[in-house]
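# Reading the structure
Below are the chains, spelled out letter by letter.
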Amino acid sequence: MRVVEKYWDDAREGDECISPTYTVTRERILAYADLTGDHTPVHVDEEYANASHFGCLVAHGLFGLSIADGLKTQCEYRFLPGMSLGWTWDFVLPIKVNDVLHVRMRVGAMRPSNSRPGWGIVVLPSELINQHGDVVQRGEHRLMVPRRVEA
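Residues numbered from 1 in each chain as written. Predicted model: local features only at pLDDT ≥ 70, side-chain atom pairs only at ≥ 80, totals over all residues. Heavy atoms only, no water.

## A look at the overall build of the protein chain
Selection criterion: By the criteria applied, helices consist of DSSP H or I runs no shorter than four residues and strands consist of E runs no shorter than two, each listed in order from the N terminus. Accessible surface area values rest on a Shrake-Rupley calculation with a 1.4 Å probe, where residue burial reflects the displayed protein chains alone. The positive count covers Lys and Arg only, the negative count covers Asp and Glu only, and His and the chain ends enter neither. By convention, the charge on Lys lies at NZ, on Arg at CZ, on Asp at CG and on Glu at CD.
Helix and strand content of the protein chain: four helices and seven strands. Starting at the N terminus and ending at the C terminus, the protein chain contains elements arranged as β-β-α-α-α-α-β-β-β-β-β. Dimensions of the protein chain along its principal axes, counting C-alpha atoms only, are 65 × 30 × 25 Å. Here the protein chain displays about 8,500 Å² of accessible surface, and carbon together with sulfur accounts for 50% of that area. The positive charge centre, built from 16 side chains, and the negative charge centre, built from 20, are 8 Å apart in the protein chain.

## Quick word on the side chain of Asn130
Rules: For every residue, the accessible area (1.4 Å probe, protein chains only) is compared with the maximum for its type, and the residue is labelled buried under 20%, exposed over 50%, or partly exposed between those bounds. Here, residues are in contact when the closest pair of their heavy atoms is within 4.5 Å.
When you line up the elements, Asn130 lands in the loop between β6 (119-129) and β7 (135-146). Classification of Asn130 by relative accessible area gives buried; the value is 7%. Aside from chain neighbours lying at most four places away, what touches Asn130 is Asp99, Val100, Leu101, His102 and Val136.

## A word on the pattern of salt bridges
We count it as follows: Any carboxyl oxygen of Asp or Glu that lies within 4 Å of a side-chain nitrogen of Lys or Arg is treated as forming a salt bridge with it.
Overall, the coordinates contain five salt bridges when judged by the stated rule. For Asp69, the salt bridge is made with Lys72, and the minimal N-O distance between the two is 3.5 Å. In this pair, Asp69 and Lys72 both sit in helix α4 (residues 61-72), three residues apart, roughly one turn of the helix. The exposure class of Asp69 is partly exposed, given its relative accessible area of 30%.

## Considerations on helix α1 (residues 26-36)
Quick note on the threshold: What the arc measures is the spread of directions leading from the helix axis to the C-beta atoms.
Along α1, the residues that are buried comprise Ile29, Tyr32 and Ala33. Down the axis of α1, the smallest arc covering the buried residues is 100°, so these residues share one side. Residues of α1 that are exposed and point over 90 degrees away from its buried face: Glu27, Asp34 and Leu35. Looking at the residues trailing α1, positive phi occurs at Gly37, about 85°.

## What about the UniProt feature "domain: MaoC-like" (unreviewed entry) in the protein chain?
Note the threshold: UniProt positions are given in the numbering used here, feature names are shortened, and annotations may be inferred rather than shown by experiment.
When the UniProt feature table is mapped onto this chain numbering, "domain: MaoC-like" (unreviewed entry) sits at residues 20-113. Taken end to end, residues 20-113 is 35% helix and 22% strand, and its two terminal C-alpha atoms sit 31 Å from one another.

## Some points on the side chain of His60
Counting through the fold element by element, His60 comes out in the loop between α3 (46-51) and α4. For His60, the contacting residues outside a window of four places in its chain are Ile29, Tyr32, Ala33, Asp38 and His43.

## Some details on the environment of Leu85
Mapped onto the elements of the fold, Leu85 is located in strand β3 (residues 83-91). Expressed as a C-alpha distance, the spacing of Leu85 and Met144, which sit 59 residues apart in the sequence, is 6.8 Å. Once you skip the residues sitting within four places of it in the chain, Leu85 turns out to touch Ile121, Arg142, Leu143 and Met144.

## Here's the deal with α4
Filter applied, for reference: Here the expected length of a helix is defined as 1.5 Å per residue gap, with one fewer gap than residues.
If you check α4, its first and last C-alpha atoms are 17 Å apart, about what twelve residues at 1.5 Å a residue would give, namely 16 Å. Every buried residue of α4 is accounted for by Phe63, Gly64, Leu65, Ile67, Ala68, Leu71 and Lys72. On its buried face, α4 is in contact with β2 (22-23), α1, β3, β4 (100-106), β6 and β7.

## Considering the environment of Pro112
You can see Pro112 is positioned in strand β5 (residues 110-112). Classification of Pro112 as partly exposed rests on a relative accessible area of 39%. C-alpha separation for the pair Pro112 and Asp9, spaced 103 residues apart in sequence, amounts to 9.4 Å.

Pasting the structure below:
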């Protein structure tokens, strides 16, 4: 697979892509807990998690957002490195051990940057989806992307 990173000018509203998959494991959840320092029992203590309203160990919400962002960078459809302007993101369903996740992303609104000539802003509505087709997280990423230099 040869990926050509896109300038803002190459994108069109409605363009879509599906990412490769990512399998959630207990080890990855525990590693995320160690990385962030968030050792909330529902994420790291199986006995506690099994007795919780989730009924099992679940991943951190921000673990899901991090995975979604990483999966977006593995899509065939991606932009030249730019600047993240922020996220609006919802945690819809728990992410569980052995879930196999992928991202469905599309190009939403686009506009030239008012403050930075040579750049454009794109909004990327995205869904993080499990192996059952359930949307576990969703939201939008606002991204500033380089424009093509006019000849």
